[in-house]
Amino acid sequence: MHIVACVKQVPDSETLIRVKPDGSGIEEDGIKWVMNPYDEFGVEEALRLKEKHGGDVTVISVGPARVVDTIRTALAMGAEKGIHIDDPALEGADAYTTATALAASIKDIPCDIIFCGQRAIDDDSGQVGSILAELLNIPQLTIVTKVDVEDKTVKVIKPVEGGQLLIESSLPCVITAQKGLNEPRYTSLPGIMKAKKKPVDVKDAAALGISVDPKAKVTKMIPPPGTPPGKIIEGDDASVTAAELVRLLREEANVI
Amino acid sequence: MAKGVWLVAEQRDGAFRKVSFEVAGAARKLADELGEEVCAILLGHDIEGIAGELGKYGVDRVYVADDVAFEQYTTDVYSAAVAKLIKENNPSILLLAASVQGKDLSSRLVGILATGMASDCVDLKIVDGSLVATRPVFAGKCYAEVTILTTPQMASLRPNLFPTVENEKAAEVVKFDPAIDAVELKTKVLEIQKDTSGRVDLTEADIIVSGGRGMKGPENYNVIEELADALGATVGASRAAVDAGWRPQSDQVGQTGKIVSPNLYVACGISGAIQHLAGMSSSKCIVAINKDPDAPILGKADYGIVDDLFKVVPEVTKELKKLLERGE
Amino acid sequence: MLSNVGKIFFLLLIASTIFVFSKRLIFLIRLLKLGKPEDRTDRFWERLKYTLGEVIPQRCVLKHVMRGDYAGIGHMLMFYGFTLFVISYIFHIIGGFYGNIPALFGTTFNNWFALLLNIAGLVVMAAVIWAVIRRYIIRPARLKPSMDAAIILVLVFGLMALNFAMEGFRFLSGSGDFTEWAFVGVALSNVFASMGLQEKACTLFHVFWWIHIIVVFGFGIYILYSKHLHILASHFNLFYHSTKPKGSTQPIMDMEKAETFGISKITDFSWKHLLDLYACTECGRCTDICPASSSGKSLKPFDLIHNLREHLLASGNEQPGEKEGGKCSAMIGEVVTGDEIWACTNCMACMEVCPVAIEHIDKITGMRQYKVLMEADFAQELQLTYRNMENNSNPWGIGAHMRADWAKELDVKLLSEDSDVEYLYYVGCSGSFDDRGKKTAIAFAKILKAAGISFGILGTEEGCCGDSAMRGGNEYLYQILAQMNIEVMNGYGVKKIITTCPHGYNALKKDYPNFGGNYEVYHHTEILADLITHGKIKLNKSAHGLFSYHDSCFLGRYNGIYDQPRNVLSAIPGMKLVEMERNRDKSFCCGAGGARMWMEEDIGERINDMRTDQAIEVNAEKIAVACPFCLTMIGDGIKDRDMEEKMEALDIAEIVWDAMGLREER
């Protein structure tokens, strides 16, 4: 099987995110960069399929020079080769543009399954996988928690509101990985050492033959309203405090 | 010239899902500002009858395609049908709910229509005739304002957020031919497994209610379960409760249990030692009910009640049930 | 003296004994040479002094006699007795060829020697009887019944008996070079005479003479085939003991160049680790004192060493560990199970109590390194811990930018603002991120300020010390963390460090020097003791409740700090301190060391609960600790035992701050 895993380098979920004073973006220094956790599930699943059915795994990432570290991590996990799409014009690009770049680099690679994370934890958009599938004219199986490949088809489990679906699809297809799909492996030291020697092709937009044509733009970044310190709800008795809690959850926190 | 605010309505088992009305309400508001029409697309099987209902919620016209192929959602036919209609009618805005179906469908449409979309929006407004969407990024640590540079300007809306409008109007219902015979079916739903427990897995749950050492025994968890039912939540447990054998290991939230990030986490009788916090600290909203005023979790909670959980929790459940009865 | 035929036969006997003995010895040494090289030739005289100091006064077995370990007395007696007998065997052999010992050494010598020997013989026989009673009637848990042990006891007793019988017949037969100072022999000869064996005495003397020496030779050979090998190996093992600072680990240097990491085959161990296996005398003290064994885990240090030895010997005929199938079982998995490898808390009680300087912990760490670095095969919880340490420099994965938040309201200097301070207070992850641990850091910082001590913290420039990574086998991660810290600290010219965590203390003091981090490191109890002695802080408020101090493994056994914390507590007015039975060097681990803090404990009983029970036994109300791990584990133990209303675990810093009576309103 030939499998492709798309990965994105994102800030660690606990890193402090500071919005630039002019609202044009976030401050990048001091950020701890990691592989998007949902993409990690995709890489892990790709490796498991390779180990079961034979074949190879190629890992692709769009981003500046620093994303090479993330590609190397995937190589250390066991992928065979990497493709790094590095072009300043693609920085901060919208989902369609990113997917275009990915599609251009994938279309000439033989592949049976393309894994993406169901969303990236920085922009929380969740679109690239599906757009990629459309551009390659292949089916998409999104937010999947189990994958089984048999011959030329794949069966997946997809959680929905109130249950889950068992879906079958032809290959090739795009699968976007959800938490619970697997537990990604820890990289072994020999893996890390070998990864340093595995090939990583670097391409820019011109090499891919695409023109960058943005479809959406972030015009402003707004820091969240300062999180008020936690409130201790006081009241004469439980019915009073309970009522106040429910009111706050609905009207202030908007969580129910 | 692109015109019209369109939406894709979502139905299940012959009835609209509540999100459809929320999206309709948002569409109505935008359309009023632009002075344009609101059109909805409805796909399904045996659903022609319900189409007009959308008029009550602000929709001017509903385009319906009724076919057995639409009985169960699949990307192939739904995206093809919607795309056809959108290409024919060229609306300026297209909205969907950021539900499971909505996420799958909307993203595919972005690809087919070669446009841009703001996903999981919490606010929409019109600025200089264009849509400006506000959406959370970095797990809600900040917000981004997004403009779409192409048409249709797409946005998916966070469920349970946007208000619905209601009036006495009826919508015009128009049948359209989705031309799905030409669509190659590449995926098939083999089986629908309904969740008998009715509860989502902890790691994917939007709302979690957890009980800890303060529960004092397995038999007392019924107060937690009732609250969970009222909230539509999944039940979790702290390590102390699992160790004591009151709850199964699969319920354990914490560093050595499950790491969860729900929108709402209600911790009952849990002190909040660091290993537990490590498992749920990324919850958007934390509520703590504990009779110990020194419990560390109260320092981390957005809302805390220092009282006996056996008094407070049933009251909260009662209040929630009242809310549901009022239809909110 | 023997006849010429006898001499020839004797010569042949000696030659064949030497042949068999040498062959086996060469085999054993060849196995040792299969191990990796390790340089232990440093400090020759120190090593010699140490070895002699352990062996001659028998400190090896008597070191814990004041703690109730009386079995060593029996060993001491047998050791001295048997040493005398070995000398007598040499005389025996000489006597076979040259006869007449008195002629060679003089009558006076012969008399005294015979007297001593007779006394020794009786003492040894009494010691064997005591040993038999212990092993087969009293049956202490640590002594496993074994055929090996039984054979040795029979042989030793038998040799004494044979010797006396031989002497008895020698005297009765009137053959020369006999002295009446050999009183047992004299007594026996009377017994034999009364049995009417006078006429046969001469023949019987010769018979027993031969039987005796044959059994001696047999015993000599048996030594090399049994656990009695320890009588040769232990001396060398003591000589080659580890001279690196106690409690430091063996780092893997040059990680970039190495191809394999950790230990998976028996030949991956260094020759010294293999020598350890020979030196083990199967006394079982290690298993007896091990908290993992005591709490029902499958790890029993005795079994670990024993199984490794059997594995080494079994694989001796081919290259050990390289044959698929056949005799070679997989070392990790079959000889030593995963559960055993991971159950160890690194408390070092086993090594402390071992009479022959066996190094258990490095063996386990080596196997962990293999599982983590080579196979990436280890507990899921630990994976998460390592990722958290990589991404946010703390095991809980809390945002690294929050590391200095604990000090926000305290006006504590950051080294980045002013690095001209006397001490760096290295707070550690618990003090920085754990709400419970922060209280210790806050209390200690307040004490230092009140005492006018010049100190600063690194704040967000501080990183995890890496101890849990190191002991959990993730040497790679540990070195990354250590090197980052060292770079920062050296950048500020840090010379003196105080820390409130014994794990950090041990890493900074013993392990960081391997990577260019050389500092004077103090634990906060040392500093507090000092401040109190010099009157820099005044303890005004009385203590309430019955206190007991729990010795943390990494502070006590690892670093010998037992008195300072006690002195600090005793200086508090009204302090009532009670000792738990397992205290000081015998302290019972809290269960969190060896990276176990981050792993699930679901086999057997909880170690921390057992320790809490020990505190409950002495009716302690306040348990004083000096380590954030212990603080958490014992606090949890108190909750598990439902004793929260009556008991509390507190760090010494909190206790001292309270006693200073300067506590502000909450």
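Preceding this section is the structure that the text describes.
Okay, so let's go over this structure.

Conventions adopted
Each chain carries its own residue numbering, running from 1 in the direction its sequence is written. Think of it this way: whatever chain is written first is A, whatever ligand is written first is 1, and the rest follow in order. Only residues with pLDDT of at least 70 are given local features in this predicted model, and only at 80 or more are side-chain atom pairs given and counted; all residues enter the totals for whole chains, interfaces and linings. The side-chain numbers reported here are obtained from all heavy atoms of the structure, hydrogens and water having been left aside. Secondary structure counts use DSSP, requiring at least four H or I residues in a row for a helix and at least two E residues in a row for a strand, with both numbered from the N terminus. Only protein chains enter the calculation, and the probe is 1.4 Å; a residue is then buried if its accessible area is under 20% of its type maximum, exposed if over 50%, and partly exposed in between. Under the convention used here, a 1.4 Å probe and the Shrake-Rupley method define accessible areas, while residue burial counts only the protein chains that appear. Charged-residue counts in this description rest on Lys and Arg as positive and Asp and Glu as negative, His and the chain ends being excluded. Charge positions are represented by NZ for Lys, CZ for Arg, CG for Asp and CD for Glu. In this analysis, two residues are considered to be in contact whenever any of their non-hydrogen atoms come within 4.5 Å of each other. Strands are treated as partners if at least two bridges between them are detected by DSSP. What counts as an axis is a line fitted to C-alpha atoms, over the stretch in contact for a helix, and the angles between N-to-C directions run from 0 to 180 degrees. For any pair of parts, buried area is found by adding up, for both, the accessible area (1.4 Å probe) each one loses once the two are put together. By definition here, a salt bridge exists when the distance from a side-chain nitrogen of Lys or Arg to a carboxyl oxygen of Asp or Glu is within 4 Å. Three categories are distinguished: nonpolar for Ala, Val, Leu, Ile, Met, Phe, Trp, Tyr, Cys and Pro, charged for Asp, Glu, Lys and Arg, and polar for the others, with Gly belonging to the last. Among buried residues, the Ala, Val, Leu, Ile, Met, Phe, Trp, Tyr and Cys ones that are joined through side-chain atoms within 4.5 Å form a nonpolar core. Oblique is the label for any angle not covered by the other classes, which are roughly parallel (under 35 degrees), roughly antiparallel (over 145) and roughly perpendicular (65 to 115). When the near helix sits turned anticlockwise from the far one by under a right angle, the crossing is termed left-handed; a clockwise turn instead gives a right-handed crossing.

1. Some words on the overall build of chain B
The helix and strand tally for chain B stands at 8 helices and 18 strands. Summarising its shape, the C-alpha atoms of chain B cover approximately 65 × 45 × 35 Å along the three principal directions. For chain B, buried positions account for 57% of its 328 residues. Looking at chain B as shown, the accessible area adds up to about 13000 Å², and 48% of this sits on carbon and sulfur atoms. Distance between charge centroids for chain B: 4 Å, based on 35 positive and 47 negative side chains.

2. Some remarks on the overall build of chain C
The number of helices and strands found in chain C is 28 helices and 8 strands. Projected onto the principal axes, the alpha-carbon positions of chain C cover approximately 100 × 60 × 45 Å. In chain C, which comprises 666 residues, the proportion classed as buried is 58%. Pairs at least 24 residues apart make up 79% of the contacts formed inside chain C by residues separated by at least 6 positions. Per element, the accessible surface of chain C, about 27800 Å² overall, is 59% carbon and sulfur.

3. Quick word on the sheet that holds strand β14 (residues 207-211) of chain B
Spatial ordering of the open sheet is given by β14(A)-β18(B)-β17(B)-β16(B)-β14(B)-β15(B), a layout of 6 strands whose pairing is parallel. Two strands bound the open sheet, and with one partner strand each, they are β14 (231-232) of chain A together with β15 (234-237) of chain B. Summarising the sheet, β14(B) and β15(B) pair through 4 bridges and their orientation is parallel. Within β15(B), the position partnered with B:Val209 by the bridge is B:Val235. Sheet strands in contact with helix α4 (residues 222-231) of chain B are β14, β15 and β16 (264-268) of chain B, and its direction is about 175 degrees off that of β14(B). Of the strands in this sheet, β16, β17 (285-289) and β18 (303-305) of chain B touch helix α8 (residues 309-325) of chain B, which is tilted by about 135 degrees from β17(B).

4. What to know about the interface of chain B and chain A
Counting residues at the interface gives 71 residues for chain B and 74 residues for chain A. Summed over both sides, the interface of chain B with chain A buries roughly 6100 Å², with 58% coming from carbon and sulfur. When residues of chain B are sorted by the area they lose upon contact with chain A, B:Arg108, B:Phe138 and B:Tyr303 head the list and together hold 12% of the total. The tally of links from chain B across to chain A stands at 2 salt bridges. Among the salt bridges present, the one from B:Arg108 reaches A:Glu134, with a minimum N-O distance of 2.9 Å. Counting only elements with at least two residues in the side of chain B that touches chain A, the list comes to α3 (100-113), β7 (117-121), β9 (130-137), β10 (142-148), β13 (187-194), β17, β18 and α8 of chain B. Here the side of chain B that touches chain A is composed, by residue class, of 35 nonpolar, 16 polar and 20 charged.

5. Thoughts on the nonpolar core
If you look at the biggest cluster of nonpolar residues, it comprises 189 residues, and the most contacted ones within it are A:Val147, A:Ile175 and C:Tyr512. Of all hydrophobic cores here, the second largest spans 54 residues; its members include A:Val62, A:Leu102, B:Val8 and B:Ile41.

6. Quick word on the packing of helix α4 (residues 128-136) of chain A against α3(B)
Two elements in contact, α4(A) and α3(B), have axes whose closest approach is 8 Å; the angle formed by their N-to-C orientations is 45 degrees. Here α4(A) lies oblique to α3(B), going by the angle between them. Note that α4(A) runs across α3(B); the crossing there is right-handed. Between α4(A), through A:Ser130, A:Ile131, A:Ala133 and A:Glu134, and α3(B), the contact on the second element is made entirely by B:Asp104, B:Ser107, B:Arg108, B:Val110, B:Gly111 and B:Ile112. For the contact of α4(A) with α3(B), a count of residues per class yields 4 nonpolar, 3 polar and 3 charged.

7. Digging into the sheet that holds β7(B)
Residue and element names in this part refer to chain B. Here we have 7 strands laid out as an open sheet, ordered β7-β11-β6-β1-β4-β5-β12, and parallel in their pairing. A single partner strand is all that each edge strand has here, and the edge strands are β7 and β12 (172-175). For this sheet the average axis-to-axis angle between neighbouring strands, irrespective of direction, equals 20 degrees. Contacts from helix α1 (residues 18-34) reach β1 (5-8), β4 (38-44), β6 (93-97) and β11 (153-157) within the one sheet, and its direction differs from that of β6 by about 160 degrees.

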